[in-house]
Amino acid sequence: MKIFLIGFMGSGKTHWGKLWAVKSGMQFVDLDDIIEQQEGKTITQIFEQNGEAYFRQAETDTLKTFFKRSNCIIACGGGTPCFNNNMQWMNENGTTVYLSASAEDILKRVITEQGKRPLIKDFSPEELKDFIENKLKEREPFYSQAKIILPVTGVDSDTINLLQ
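Because the structure is a prediction, the values reported are computed rather than measured.

Please give an account of the state of the cysteines that cites residues and values.
Scanning all chains against the criterion turns up zero disulfides. No disulfide involves Cys 72; its sulfur sits 10 Å from the nearest other cysteine sulfur, which is in Cys 76. Residue Cys 72 is classed as buried on the basis of its relative accessible area of 0%. In this structure Cys 82 is not part of a disulfide, and its nearest cysteine sulfur, from Cys 76, lies 11 Å away.

This is the structure in structure tokens:
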């Protein structure tokens, strides 16, 4: 089994992925962490020094290294499904789970992490809210292709269990 967690930044992909990995005995992998290790830079540095196009290609290349792997939960970057036919590839090679969160919940989670998130690091709170709402609309056609759509707004580990 291979599970790809997708959703907007701040939707809980890393949080839930780690929790489910412990409960299931599966390996948890964060795609951004692997890219940072391979590149020897943070995601923010990659965006700043190499640009988004470079990052998106590195992201796709790294994603496809999971072709032969199994028994793992992969937390993908928020934009991963939206580029280079990645969504189709993930659907063909595993189970995709869209962690659906409201724009308001996402804003609450990411506003304190702006420095670590290159796409939002320079926004005011008002600009950030608009950005999240617009990007969610833009990405929804990709996210909605997931095999499982799981609303995560207002839930906790006692009320959500993907793997049972």
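This is not the end of the story, as more comes after the structure.
Go over the pattern of salt bridges with me, naming the residues and quoting the values.
Side chains carrying opposite charge are able to pair once their charged atoms draw close together. Tallied over the entire structure, the rule returns seven salt bridges. For Asp 122, the salt bridge goes to Lys 121, with nearest N and O atoms at 3.5 Å. The class of Asp 122 is exposed, set by a relative accessible area of 63%. In this structure, the salt-bridge partner of Lys 135 is Glu 138, at a minimum N-O distance of 3.1 Å. With a gap of three residues between them, Lys 135 and Glu 138 both fall in helix 7 (residues 125–143), about one helical turn apart. By relative accessible area, Lys 135 is classed as buried at 19%. When its relative accessible area of 47% is taken as the criterion, Glu 138 is described as partly exposed. When salt bridges with common partners are traced through the structure, they connect Glu 48, Lys 121 and Asp 122 into a single cluster.

Pulling in residues and values, what's your account of helix 1 (residues 13–24)?
If you check helix 1, its first and last C-alpha atoms are 16 Å apart, about what 12 residues at 1.5 Å a residue would give, namely 16 Å. Regarding helix 1, the residues found buried are Lys 13, Trp 16, Gly 17, Trp 20 and Ala 21. Seen from one end, helix 1 has its buried residues packed into an arc of 135 degrees, which puts them on one side. Opposite its buried face, helix 1 presents the exposed residues Val 22 and Lys 23, each directed more than 90 degrees away. Residues of helix 1 that are buried make contact with strand 1 (2–6), strand 2 (27–30), strand 3 (72–75), strand 4 (95–100) and strand 5 (148–151). Immediately downstream of helix 1, the backbone of Gly 25 shows phi near 80 degrees, a positive value.

Before we move on, can you summarise helix 4 (residues 52–63) with the specific residues and values?
For helix 4, which comprises 12 residues, the first-to-last C-alpha distance of 16 Å matches the rise-based estimate of 16 Å (1.5 Å per residue) to within 8%. Three or more residues of helix 4 are buried, namely Phe 55, Arg 56, Ala 58, Glu 59, Thr 60, Thr 62 and Leu 63. Check the buried side of helix 4 and you find it contacts strand 1, helix 2 (31–39), helix 3 (43–50), helix 5 (86–93) and helix 7.

Rules used in this analysis
- Residues numbered from 1 in each chain as written.
- Predicted model: local features only at pLDDT ≥ 70, side-chain atom pairs only at ≥ 80, totals over all residues.
- Heavy atoms only, no water.
- Disulfide = S-S within 2.5 Å.
- Buried < 20%, exposed > 50% of the residue type's maximum accessible area, 1.4 Å probe, protein only.
- Salt bridge = Lys/Arg side-chain N within 4 Å of Asp/Glu carboxyl O.
- Helix = DSSP H or I, 4+ residues; strand = E, 2+ residues; numbered from the N terminus.
- Expected span 1.5 Å × (residues − 1).
- Arc of directions from axis to C-beta.
- Contact = heavy atoms within 4.5 Å.

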